[in-house]
Amino acid sequence: MARSANKDEAGGVTHLVAALARALREQQRLSQTEVGAMTGYTASAISAMETCAQPASDQMLVKLEGAIGCGLGVFDKARQYILMDKYPPQFKDFSLMEAQAVTLSSYQTYVVDGLFQSEDYARALIGGGYPKLPEAKVEELVEARMARKALFDREPTAMVELILDESVLRRPFGSWDVLRGQLRSLAEDAQRDNVSIQVLPLERGLRGTHAGARGDMILVETKEHHHVVYLEIEDESHLVSDPAKASQLAHRYAKIRTQALSPDDSLSLIERLAGEERS
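Residues numbered from 1 in each chain as written. Predicted model: local features only at pLDDT ≥ 70, side-chain atom pairs only at ≥ 80, totals over all residues. Heavy atoms only, no water.

Asks: Can you explain the overall build of the protein? Please cite residues and give values.
Replies: Looking only at helices and strands, the protein has 13 helices and six strands in total. In terms of overall dimensions, the protein has C-alpha extents of about 70 × 45 × 35 Å along its principal axes. Burial analysis of the protein (279 residues in total) assigns 47% to the buried set. Sequence-distant contacts in the protein: of pairs separated by 6 or more residues, those separated by 24 or more amount to 72%. Entry remark: accessible area of the protein is about 14,500 Å², with carbon and sulfur atoms responsible for 52%. Placing the 32 positive and 41 negative side-chain charges of the protein at their respective mean positions leaves the two points 2 Å apart. (Helix = DSSP H or I, 4+ residues; strand = E, 2+ residues; numbered from the N terminus. Buried < 20%, exposed > 50% of the residue type's maximum accessible area, 1.4 Å probe, protein only. Contact = heavy atoms within 4.5 Å. Areas by Shrake-Rupley, 256 points an atom, 1.4 Å probe, with all protein chains shown as cover. Lys, Arg positive; Asp, Glu negative; His and termini not counted. Charge placed at Lys NZ, Arg CZ, Asp CG, Glu CD.)

Structure (C-alpha cells):
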C-alpha cells in the first residue's frame, strides 16, 4: 500500500529521474541486478526506484551518478530537486525560496524551526504525528529536512535568524534525551557567524505587551531582494508577497525581536536547559 501511494504522490522530477535511470541502464545493457551490485543496492530496490514505488534516496543518487551517469552529472544535479519532491505539498513552493534566500528570519512558538532541527528531534516529530506515516516515509521526510541545513554553509552566505518562544525549549518530543540533543544542536548553530538565535521569555506577557501572540512566521529576502512571509498551520500554508502586508508582518517580527532576550542571554538559557536532567 505504501509503495502504491508513493507512485501516486511522486512528483515530476522523481518520475523524470526514474525514467532517466532506466534509459541509461538499458543503453548500457545492464540489468537491475547488475546496477544494484554496482551501487550496493538490491535489484528490487533499483526496480522500486525505476517505478517510483520507492523514490531514490540522496545516497542512491550519488551511487547512480558513479555507476551509470556517464559523466553527465544528471543524478548529481537532480539531488536538490528530488529532495524538494519529497517535501509535504504545503512546503514545496517555499522550499526553493528558502534554499536560495539572502536572509531568513523565523519566529516559532511550538516546535523548533525545521531548518534547525536535529535528526532525532525531526524523526520524533514526523514519526509521532497524526495520521501515522509509514516508517519509510518518515525516513524520507527526515532526510529531506536534514538536507535543508545546506543553507547554513551555502555560498554566497545567507544570514539566518531564529526567535523561539521559551516554551519550545521546554517541550519534549520522543524523549528528554532527544530534547537535550536538540538544545545542544541549537547552541552549536547559535555560534555560527551567519546565525542569530534569540528566545522570547515565557513571562513576556506579564509586561503588558506580547508582539508574538499571533503565531509563527518566516520572513524571507529572496535572491531578487523581494520580501515575502511564509505562514503555515494545520498542513495549510500561505505565502504573503503583497508589499504592504509583508511589511506589516516584518514590523511585527521586528517588535518580537526587541522583546526577546539578547543572543548571548538566549545562548546561556539554551545551554543551561540542555544541561538539566529531566525524566
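Asks: I'd like to hear about the sheet that holds strand E4 (residues 217–221), residue by residue, with values.
Replies: Across the sheet, which stays open at both edges, the six strands sit in the order E3-E2-E1-E4-E5-E6 with mixed pairing between neighbours. Of all the strands in the sheet, just strand E3 (195–200) and strand E6 (236–240) have a single pairing partner and so form its edges. Each strand of the sheet is rotated relative to its neighbour by a mean of 15 degrees, with strand direction disregarded. In the sheet, strand E5 (residues 227–233) pairs with E6 via five bridges, with the strands oriented antiparallel. Each residue of the ladder has a partner; that of Leu231, found in E6, is His238. (Pairing = 2+ DSSP bridges. Axes fitted to C-alpha atoms, helices over the stretch in contact; angles between N-to-C directions.)

Asks: Help me get a handle on a negative patch on the surface, residues and values and all.
Replies: A cluster of acidic residues, Glu232, Glu234, Asp235 and Glu236, forms a negative patch at the surface. Mapped onto the elements, Glu232 comes out in strand E5. (Patch = residues over 30% accessible without salt bridge, like charges linked within 9 Å, V, L, I, M, F, W, Y side chains within 5 Å. Salt bridge = Lys/Arg side-chain N within 4 Å of Asp/Glu carboxyl O.)

Asks: Explain the layout of surface pockets to me, and be specific about the residues and the numbers.
Replies: Looking at the largest pocket, its volume works out to about 1,600 Å³. Lining the largest pocket are 43 residues, and of these Pro88, Gln90, Arg145, Glu232 and Asp235 sit closest to its centre. Those elements giving two or more residues to the lining of the largest pocket turn out to be helix H1 (2–9), helix H6 (74–86), helix H7 (89–99), helix H8 (119–127), helix H9 (135–147), E4 and E5. Split by residue class, the lining of the largest pocket holds 22 nonpolar, eight polar and 13 charged. Roughly 360 Å³ of internal volume is contained in the second largest pocket. Surrounding the second largest pocket, 17 residues form its lining, Gln80, Ala99, Ala147, Arg148 and Ala150 being those nearest its centre. (1 Å grid on protein atoms, 1.4 Å probe; cavity = no way out; pocket = protein on both sides within 12 Å on 5 of 7 lines; lining within 4 Å. Points joined across faces, edges and corners; volume = space filled by probe spheres on them. Nonpolar A, V, L, I, M, F, W, Y, C, P; charged D, E, K, R; others polar.)

Asks: I'd like a rundown of the side chain of Ser95, residues and numbers included.
Replies: By secondary structure assignment, the location of Ser95 is in helix H7. Apart from the residues lying within four places of it in its own chain, the contact partners of Ser95 are Met84 and Tyr87.

Asks: Tell me what's going on with the pairing of E3, and back it up with residues and numbers.
Replies: Within E3, five of the six residues are buried, which leaves it mostly tucked inside the rest of the structure. Here six bridges tie strand E2 (residues 159–165) to E3, and the two strands are oriented parallel to one another. Bridging from a neighbouring strand, Asp165 pairs with Leu200 of E3.

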